[in-house]
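Take a look at the letters that make up each chain.
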Amino acid sequence: MREYIFDATVLSNFAAADQLSVLKARYSGLGFTTIEVSDELRRGVKAGYEHLAPALQQIETVNPEGWLRVLTPGSADEHRLRMALDRSLDPGEASCLALAASRGLILATDDLAARRLAEGEGVRLTGTLGVLVALVRDDALLLSEANAMLEAMIQRRYRSRVEKLDDLI
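Values in this document were obtained by computation on a predicted structure and should not be read as measured data.

About the cut-offs
Residues numbered from 1 in each chain as written. Predicted model: local features only at pLDDT ≥ 70, side-chain atom pairs only at ≥ 80, totals over all residues. Heavy atoms only, no water. Helix = DSSP H or I, 4+ residues; strand = E, 2+ residues; numbered from the N terminus. Rg over C-alpha atoms; globule rule 2.2 N^0.38 Å. Buried < 20%, exposed > 50% of the residue type's maximum accessible area, 1.4 Å probe, protein only. Pairing = 2+ DSSP bridges. Salt bridge = Lys/Arg side-chain N within 4 Å of Asp/Glu carboxyl O. Arc of directions from axis to C-beta. Contact = heavy atoms within 4.5 Å. 1 Å grid on protein atoms, 1.4 Å probe; cavity = no way out; pocket = protein on both sides within 12 Å on 5 of 7 lines; lining within 4 Å. Points joined across faces, edges and corners; volume = space filled by probe spheres on them. Nonpolar A, V, L, I, M, F, W, Y, C, P; charged D, E, K, R; others polar.

Engineer: Give a detailed account of the overall build of the chain, specifying residues and quantitative values.
Structural biologist: Each helix and strand in the chain was counted, giving nine helices and five strands. Start at the N end of the chain and walk to the C end: the helices and strands fall as β-α-α-β-α-α-β-α-α-β-α-β-α-α. Taken against the 2.2 N^0.38 rule, which gives 15 Å for 169 residues, the C-alpha radius of gyration of the chain at 15 Å falls within 12% of a compact globule. Along the first, second and third principal axes, the C-alpha set of the chain runs to 45 × 35 × 25 Å. The buried share among the 169 residues of the chain stands at 46%.

Here is the structure:
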């Protein structure tokens, strides 16, 4: 399976639906994130968004049992790309996109600006809906379960382009 790098948007949607365990089951050993995403989640928790605390706990630098391994830029090219992306994106999205572009990772984001820039860089993408669809197609979830998760996310302010996944399967 391919490796993925998650920004805060997808993680927060699954956290809002109390379904991070579904991500862990599918992406353990394949999932990465960045310190900037960890910092973003930490700021969210401090601002009163307690539902983000479990997402923060999934990151290995916070919890040794965490399934999301932290990546950092390792080359001058990665640092340059990150600095260029900082002009257009928040630090979490910029850091994830720079590493996805450089290392051939699939970027998991719902951030529209990040998605547009990723497409320009030739980066493969997924997002909350893509992950839910993949879980159904892999028989990890029933369509009804995935739709219930999507409904819970929408109730917690996820702005989805669909209300049900039926037409995407």
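Engineer: How would you summarise the sheet that holds strand β3 (residues 69-70) if you had to cite specific residues and measurements?
Structural biologist: Pairing is parallel across the open sheet formed by five strands, whose spatial order is β3-β2-β1-β4-β5. Pairing within the sheet leaves two strands with one partner each, and these edge strands are β3 and β5 (125-126). Sheet analysis places strand β1 (residues 4-6) next to strand β2 (residues 31-33), joined by two bridges and oriented parallel. Bridge pairing in β2 places Tyr4 opposite Gly31.

Engineer: If you had to explain the pattern of salt bridges to someone new, which residues and values would you point to?
Structural biologist: Under the definition given, this model contains six salt bridges. Notably, a salt bridge pairs Arg26 with Asp138, separated by 2.6 Å at the nearest N-O pair. Placement of the pair is Arg26 in helix α2 (residues 20-27) and Asp138 in the loop between α8 (128-137) and α9 (143-155), with a sequence separation of 112 residues. Given a relative accessible area of 14%, Arg26 falls into the buried group. Assessed through its relative accessible area of 43%, Asp138 is described here as partly exposed. Taking the shortest distance from any N to any O, the salt bridge between Arg103 and Glu78 comes out at 2.7 Å.

Engineer: So what about helix α5 (residues 76-85)? Which residues, and what values?
Structural biologist: Taken as a whole, α5 has its buried residues at Glu78, Arg82 and Leu85. The arc that holds the buried residues of α5, viewed along the axis, is 65°, so those residues lie on one side. The outward face of α5, more than 90 degrees from its buried face, is lined by the exposed residues Asp77 and Met83. The inward-facing, buried residues of α5 contact α3 (35-46), α6 (91-103) and α7 (112-121).

Engineer: Any chance you could break down the layout of surface pockets for me, citing the residues and the numbers?
Structural biologist: Of the volumes computed, that of the largest pocket is approximately 660 Å³. Within the residue set of the lining of the largest pocket, elements represented by two or more residues are α1 (8-16) and α3. With five residues, the top contributor of residues to the lining of the largest pocket is α1. Tallied by class, residues from the lining of the largest pocket come to seven nonpolar, five polar and six charged. For the second largest pocket, the calculated volume is near 330 Å³.

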